[in-house]
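Architecture and fold: a report
One letter stands for each residue in the lines below.
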Amino acid sequence: MTDRPILRVLDLVKSYSGQRAVDGVSLEVRQREVVCLIGPSGSGKSTFLRCLNALERADSGEVQFAGELMDPGRRDIRQLRRRMGMVFQNFELFPHLTALRNVAIGPVTVLGAARAQADVLARELLRKVGLADHALKHPAQLSGGQQQRVAIARALAMSPELMLFDEPTSALDPETVGEVLSVMKALADEGMTMVVVTHEMDFARRVGERIVVFDRGRVIEAGTPRQIFEAPRVARTREFLSHLGWHGESTVPAEPG
């Protein structure tokens, strides 16, 4: 990991109907770092994430990515946004396309890649996420965990410099959560820069390098996993973790040996 930030957020504010969903949040993310955003539902984590790639327009503050201002009004915002991969809660796959076509469509339609070349890449990425044998299946033929792994492969097909995950396991059955988290852990081990909104506390504790705690649109605490999970300084953090019961059974496969 390098000390050079790839993402800088300064005093970000986003309101809906006069209520601040994000209230003056600042954050830096370094290259190859995994930052996990945790906190109660409705605390602004997902809104903050969508402001990072300009899917939401912030009211004030700024987001800088790779030295560029992420302003939704700039002409080349799509070119900047494509350098960030985004994985949503509900997969957002095209139901009429196979897994292969879902992964290959971005390189073909956005990057102008030849279809044969995109298919080779798509098959390799599906193999990477453990779905080589499901390339010709449509989303309806796949489990939720399989669909989310296709969505991760689709994001990776654009060769992103940063991956954003918005509660990627929240719509999954408990049996399929682990397979998605395993893919995400493998990406982290390979050095992918990641910002992850999650309620999977065991994943955050074991894979995250920095934990950022949100509450009511603000960052109330940030630190290493050990500091946040073993010795949180803020009472609200302790209350949240206690209520969630993060110390339960692991959903991330144990390291060998």
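Higher on the page you've got the structure.
Residues numbered from 1 in each chain as written. Predicted model: local features only at pLDDT ≥ 70, side-chain atom pairs only at ≥ 80, totals over all residues. Heavy atoms only, no water.

1. With respect to helix α6 (residues 174–189)
Taking 1.5 Å as the rise per residue, α6 with 16 residues should run 22 Å; its terminal C-alpha atoms sit 23 Å apart, in good agreement. Here α6 has its buried residues at T176, V177, V180, L181, V183, M184, K185, L187 and A188. Looking at the packing, one finds that the buried side of α6 touches β3 (34–38), α4 (115–128), α5 (144–156), β7 (162–166), β8 (194–197) and α7 (201–207). Once α6 finishes, G191 follows within two positions and takes phi at roughly 100°, a positive value. (Helix = DSSP H or I, 4+ residues; strand = E, 2+ residues; numbered from the N terminus. Expected span 1.5 Å × (residues − 1). Buried < 20%, exposed > 50% of the residue type's maximum accessible area, 1.4 Å probe, protein only. Contact = heavy atoms within 4.5 Å.)

2. Overview of the side chain of T47
Structurally, T47 is set in helix α1 (residues 45–52). When its relative accessible area of 15% is taken as the criterion, T47 is described as buried. Excluding anything up to four places from it in sequence, T47 contacts K14, Y16, A21 and V22.

3. Observations regarding the packing of helix α3 (residues 99–109) against α4
Viewed as axis vectors pointing N to C, α3 and α4 meet at an angle of 125°, and their least axial separation amounts to 8 Å. In this view, α3 runs oblique relative to α4, as classed from their interaxial angle. The handedness of the crossing between α3 and α4 comes out as right-handed. Where α3 approaches α4, its residues A99, L100, R101, V103, A104, P107 and V108 are matched on the opposing element by R115, A118, D119, L121, A122, R123, L125 and L126. Taken together, the residues that form the contact of α3 with α4 break down as eleven nonpolar, no polar and four charged. (Axes fitted to C-alpha atoms, helices over the stretch in contact; angles between N-to-C directions. Parallel < 35°, antiparallel > 145°, perpendicular 65-115°, else oblique. Left-handed = near helix turned anticlockwise from the far one by under 90°. Nonpolar A, V, L, I, M, F, W, Y, C, P; charged D, E, K, R; others polar.)

4. What about the state of the cysteines?
Across all of its chains, the model carries zero disulfides by this definition. Free of any disulfide, C36 has its nearest neighbouring cysteine sulfur in C51, separated by 19 Å. Using a relative accessible area of 3% as the deciding quantity, one classes C51 as buried. (Disulfide = S-S within 2.5 Å.)

5. So, the sheet that holds β8
Reading across from one edge, β6-β7-β8-β3-β9-β10 is the order of the six strands in this open sheet, with mixed pairing throughout. Every interior strand has two partners, whereas the edge strands, β6 (84–87) and β10 (218–223), have only one. Ignoring which end each strand starts from, the neighbouring axes of this sheet average 15° apart. With four bridges connecting them, β6 and β7 associate as parallel partners. Following the sheet pairing, V87 is matched in β7 by F165. Across the sheet, α6 touches β3, β7 and β8, and the angle it forms with β8 is around 150°. Packing of helix α9 (residues 235–244) onto the sheet brings it into contact with β3, β9 (210–215) and β10, and relative to β10 it is tilted by some 80°. (Pairing = 2+ DSSP bridges.)

6. Some points on the packing of α3 against α5
To describe two helices that pack against each other, one gives the angle between their axes and the distance between the axes. Where α3 meets α5, the axes come as close as 7 Å, and the angle between the chain directions of the two elements is 25°. By the criterion of interaxial angle, the relationship of α3 to α5 is roughly parallel. The interaxial crossing formed by α3 with α5 has right-handed handedness. Mapping the contact onto sequence places A99, N102 and V103 in α3 and V150, A153 and R154 in α5. For the contact of α3 with α5, the residue count by class is four nonpolar, one polar and one charged.

7. A word on the sheet that holds strand β1 (residues 5–16)
The antiparallel open sheet is built from four strands, whose spatial order is β2-β1-β4-β5. Both edges of this open sheet fall to β2 (19–30) and β5 (68–69), since each of them pairs with a single strand only. Taken together, the nine bridges between β1 and β2 define a ladder with antiparallel strand orientation. Residue S15 lies in a different strand from β2, and its bridge partner there is R20. Here α1 sits on the sheet in contact with β1, β2 and β4 (60–65), set at roughly 125° to β1.

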